[in-house]
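# Reading the structure
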Amino acid sequence: MENFSEIINWDNVFKQSEVFQKNTPCKFGFIEELFQRDFYEKLYESYPKIDETWNHTTAIGKESFSLYFEGYGKNKVVGDEDDPALSQEWNDLKRYARSKEFVENFRKFSGVPVNKLKYFHFIAMKKGGFQLPHVHNVGPSTLVFMIYFSKNWKNGDPGGTYISAEDDESSIIFEPYNLDNSVAIFHDGPNAMHGARYIKKDVERHALQITLEQYDEKLGWSGG
């Protein structure tokens, strides 16, 4: 795809900019209809099937599935190469997420001085999936995106990435329930407490995690 204009609905992004920058205890926000609908439907239909090629994490405090682009592991920065196992739309999105336009727009949206795509990978949950509240604190110049591809999610059902004031679910201050073409974004740091409540139903929560960060040719990534 040479023209990326039909990917992101930037009007919807910038409508949430002021809310994102004013939210506390960390900067966070939620954007609905993130992608242009036609492009989103192609991503939705070609979201990779959860199978033995995915990493299944069953560590203390977390159960989820993850899939990385071909040739890139958990601690490796995503590159230019396409993944032949994925659709053209997913490869186009990864390429766009590396573009100057994408990064500069989200820097403007957030007020966080990110300048480069660091991570881009799939994260999914099934029945029994969850993540206890935690912080990464790998900033100070890091944006984390959880983009959702799950239609007909029931209002009040767990699965979306919540933001909490403390390290317990009783202090949740925001939790998304529309997981169809939406994204939760937060500015990483010591107060960016987040997690996902335990999924009891036989459903699959499909998501993509993107991380934008500040990169310096001499100093490397701001988060190490």
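A quick note: this is a predicted structure, and the numbers were derived from the prediction, not measured.

### Some points on helix α3 (residues 37-45)
When α3 is considered as a whole, its buried residues turn out to be Phe-39, Tyr-40 and Leu-43. All buried residues of α3 fall inside an arc of 100° around its axis, so they share one side. Those residues of α3 that are exposed and aimed more than 90 degrees away from the buried face are Asp-38 and Glu-45. Each element contacted by the buried residues of α3 is listed here: α4 (88-97), β6 (142-149) and β9 (180-187).

### What to know about the pattern of salt bridges
Charged atoms that come close allow side chains of opposite charge to pair. For the structure shown, the criterion picks out 12 salt bridges. The salt bridge partner of Lys-151 is Glu-41, with a shortest N-O separation of 2.7 Å. Of the two residues, Lys-151 sits in the loop between β6 and β7 (162-164) while Glu-41 sits in helix α3, which places them 110 residues apart along the sequence. For Arg-107, the salt bridge identified is with Glu-104, shortest N-O distance 3.8 Å.

### Focus on the packing of aromatic side chains
Given two aromatic rings, one states the distance between the centres and the angle between the planes to describe the pair. Within this structure, the stated rule accounts for 26 aromatic pairs. Look at Phe-102 and Phe-145: their rings are 6.4 Å apart centre to centre, the planes differ by 35°, and that puts the pair in the tilted class. With Phe-102 in helix α5 (residues 100-110) and Phe-145 in strand β6, this residue pair connects regions lying 43 residues apart in the sequence. With respect to burial, Phe-102 and Phe-145 carry one shared label: buried.

### Let's talk about the pairing of strand β3 (residues 62-68)
Burial analysis of β3 places five of its seven residues in the buried class, which makes it a mostly covered element. Relative to β3, strand β2 (residues 55-57) runs antiparallel, the two sharing three bridges. Note that in β3 the partner of His-56 across the bridge is Phe-65. The loop that links β2 with its antiparallel partner β3 comprises four residues; one of these, Gly-61, has a positive phi angle of about 90°. Direction of pairing for β3 relative to strand β5 (residues 130-134): antiparallel, over a ladder of two bridges. Looking at the pairing, Glu-63 lines up with Phe-130 of β5. The pairing of β3 with strand β4 (residues 116-125) spans four bridges and is antiparallel. Bridging across to β4, Ser-66 finds its partner in Ile-123.

Conventions we followed
Residues numbered from 1 in each chain as written. Predicted model: local features only at pLDDT ≥ 70, side-chain atom pairs only at ≥ 80, totals over all residues. Heavy atoms only, no water. Buried < 20%, exposed > 50% of the residue type's maximum accessible area, 1.4 Å probe, protein only. Helix = DSSP H or I, 4+ residues; strand = E, 2+ residues; numbered from the N terminus. Arc of directions from axis to C-beta. Contact = heavy atoms within 4.5 Å. Salt bridge = Lys/Arg side-chain N within 4 Å of Asp/Glu carboxyl O. Phe/Tyr/Trp six-rings, centres within 6.5 Å; stacked < 30°, edge-to-face > 60°. Pairing = 2+ DSSP bridges.

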